[in-house]
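Coordinate analysis (summary)
Each chain, letter by letter, is given below.
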Amino acid sequence: MLKKQVFIEKVKEYKIAIVLFAIIVFMSIASPFFLTRDNLINVLLQASTYGIMACGMSFAIISGEFDLSIGSTMALGGLVSILLAPVIGQLGAILAAIVAGCAVGLINGLLIAKIKISSFIVTIATMGIFKGLALKISGGAPVLSENDWFYLIGNGTILGIPNLILVLILFIAIAQYVLAKTRFGRNVYTIGGNKEVAQNSGIDVETDKMIVFVISAFTAAVAGILLASRLNTGSALHGDSVALFVISGIVIGGTSLAGGIGSAIKSIIGILIFTLISNSLDLLRVFSYYQTTIRGILMIIIIGFDAYTRARSEMK
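Residues numbered from 1 in each chain as written. Predicted model: local features only at pLDDT ≥ 70, side-chain atom pairs only at ≥ 80, totals over all residues. Heavy atoms only, no water.

1. A look at helix H7 (residues 119-138)
Counting along an α-helix, one turn takes 3.6 residues, and residues three or four places apart therefore face a common direction. Spelled out, the test is: Only runs of H or I of at least four residues qualify as helices and only runs of E of at least two qualify as strands under DSSP, and these elements are numbered from the N terminus. Expected helix span is taken as 1.5 Å per residue step, with the number of steps being one fewer than the number of residues. Each residue is placed in one exposure class: buried if its accessible area under a 1.4 Å probe, protein chains only, is under 20% of its type's maximum, exposed if it is over 50%, and partly exposed if it falls in between. The arc refers to the directions leading from the helix axis to the C-beta atoms. Only heavy atoms matter for contacts: two residues are in contact if any of them lie within 4.5 Å across the pair. As used in this structure description, the phrase polar contact means that two N or O atoms lie within 3.5 Å; if the pair is within protein, one of them must be able to donate a hydrogen and the other to accept it, and residues adjacent in sequence are counted only when both atoms belong to side chains.
Over its 20 residues, H7 runs 28 Å from end to end, which matches the ideal 28 Å to within 8%, given 1.5 Å per residue. Looking at H7, one finds that the buried residues are Ser119, Val122, Thr123, Thr126, Phe130, Ala134 and Ser138. Buried positions in H7, seen along its axis, are confined to an arc of 110° and lie on one side of it. Opposite its buried face, H7 presents the exposed residues Ile129 and Lys136, each directed more than 90 degrees away. Against helix H4 (70-83), helix H6 (90-114), strand S1 (143-144) and helix H12 (205-231) lie the buried residues of H7. For H7, the N-terminal cap is Ser118; the gap from its side-chain oxygen to the backbone nitrogen of Phe120 is 3.2 Å. Gly139 occupies a position one or two residues after H7 and carries a positive phi of about 70°.

2. Things to note about the packing of aromatic side chains
Selection criterion: Here a Phe, Tyr or Trp ring, Trp counted by its six-membered ring, pairs with any other such ring whose centre lies within 6.5 Å, and the pair is stacked when the planes are under 30 degrees apart, edge-to-face when over 60, and tilted otherwise.
Scanning all chains against the criterion turns up five aromatic pairs. For the pair Tyr50 and Phe245, a centre-to-centre distance of 4.1 Å together with 25° between the ring planes defines the contact as stacked. On the criterion of sequence distance, the pair formed by Tyr50 in helix H3 (residues 37-62) and Phe245 in helix H13 (residues 242-252) is long-range, its members being 195 residues apart. Given the relative accessible area of 16%, Phe245 is considered buried. Their ring planes at 65° and their centres at 4.8 Å tell us that Phe245 and Phe274 sit as a pair that is edge-to-face. Here Phe245, found in helix H13, pairs with Phe274, found in helix H14 (residues 264-283); they are 29 residues apart in sequence, far enough to count as distant. Exposure remark for Phe274: the relative accessible area of 7% places this residue in the buried category.

3. Focus: the pattern of salt bridges
Short version of the rule: Only one rule defines a salt bridge in this text: a Lys or Arg side-chain nitrogen within 4 Å of an Asp or Glu carboxyl oxygen.
This model, assessed by the stated rule, comprises three salt bridges. As a salt-bridge pair, Glu206 and Lys116 come within 3.0 Å of each other at their nearest N and O atoms. Remark: Lys116 occurs in the loop between H6 and H7 and Glu206 occurs in helix H12; sequence separation between them is 90 residues. Take Lys116: its relative accessible area is 49%, and that puts it in the partly exposed class.

4. A short note on the packing of H6 against helix H8 (residues 148-155)
Short version of the rule: What counts as an axis is a line fitted to C-alpha atoms, over the stretch in contact for a helix, and the angles between N-to-C directions run from 0 to 180 degrees. By the definition adopted for this analysis, an angle is roughly parallel if under 35 degrees, roughly antiparallel if over 145, roughly perpendicular if from 65 to 115, and oblique otherwise. The classification used treats Ala, Val, Leu, Ile, Met, Phe, Trp, Tyr, Cys and Pro as nonpolar, Asp, Glu, Lys and Arg as charged, and all other residues, Gly among them, as polar.
In the contact formed by H6 and H8, the axes pass within 10 Å of each other and the chain directions differ by 55°. Here H6 lies oblique to H8, going by the angle between them. In this structure, H6 uses Gln90, Leu91 and Ile94 to contact H8, whose residues at the interface are Trp149, Phe150 and Ile153. For the contact of H6 with H8, the per-class residue count stands at five nonpolar, one polar and no charged.

5. With respect to H13
The buried fraction of H13 is high, at ten of eleven residues. For H13, the complete set of buried residues consists of Val242, Ala243, Phe245, Val246, Ile247, Ser248, Gly249, Ile250, Val251 and Ile252. Gly254 occupies a position one or two residues after H13 and carries a positive phi of about 105°.

Here it is in structure tokens:
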């Protein structure tokens with residue numbers, strides 16, 4: 001009986017990883033192209049930009065907040081990194097894009113932490129503001145990069161591994177370490193779990209929340225730079241629907257929308273699941289009109305099962 005209980009607890013703990021493994025097993029049987037190196041690299045490349053943003057967004061959601069402006073921040077970062085290159089050099093343009101992204105996060109953080117406006121309202125508003133700014137500076141058209149070095153950032157490899165995947169691994173490691181091993185990370189969990197307890201514990205909730213939004217915007221800007229590099233193009237349209245995809249992946253990974261629960265690694269597993277579902281539907285030649293519906297149904301099933309098992313655990 002004890003062994004059975006231990007087994008059940010392990011299944012609950014690793015259920016998201018089990019879902020990921022089940023998808024891989026099913027698709028390896030269903031499609032001979034799934035386990036090919038090219039397809040797996042393609043999946044990881046698709047997940048890389050979303051995964052980098054998920055590392056930052058995890059801080060926001062664990063703290064009990066949202067950042068719906070990451071798509072606009074991503075598009076703005078990519079455009080700045082290309083448009084300013086002829087003026088201040090490519091490295092200077094990349095740094096300017098990162099600074100611009102952090103500025104967006106700081107604005108969000110000030111409005112949310114200091115002015116006490118809902119993060120949902122603030123980030124929807126700034127999403128529109130910075131999307132409009134991105135459209136303005138680009139003239140509403142894609143902007144091509146003429147710098148070969150910039151193109152190599154998103155398309156180069158080190159020891160046969162694409163740069164984007166290596167950057168993703170680096171961000172996962174840093175985010176997981178900060179959340180699990182630092183005082184700031186523990187503060188983020190405490191703030192998301194119970195804001196009053198955090199304040200009574202001497203945590204500077206306002207400052208930590210501002211930092212959380214700067215981190216989220218920073219990762220969005222980096223993702224925008226990498227995507228622009230990979231495509232050799234910046235566009236105000238690059239960030240469309242990004243926030244919903246990232247949030248969905250994070251929630252699928254087991255991070256609670258109520259705050260206080262989650263991890264960077266689980267968020268990435270959720271992003272991989274979401275990416276694999278899209279890749280699998282393509283390989284199975286499911287008509288594109290049905291894919292959005294199927295993804296939505298699968299998301300409800302996965303998140304619903306997670307919520308059900310968590311509720312059962314709390315009742316016990």
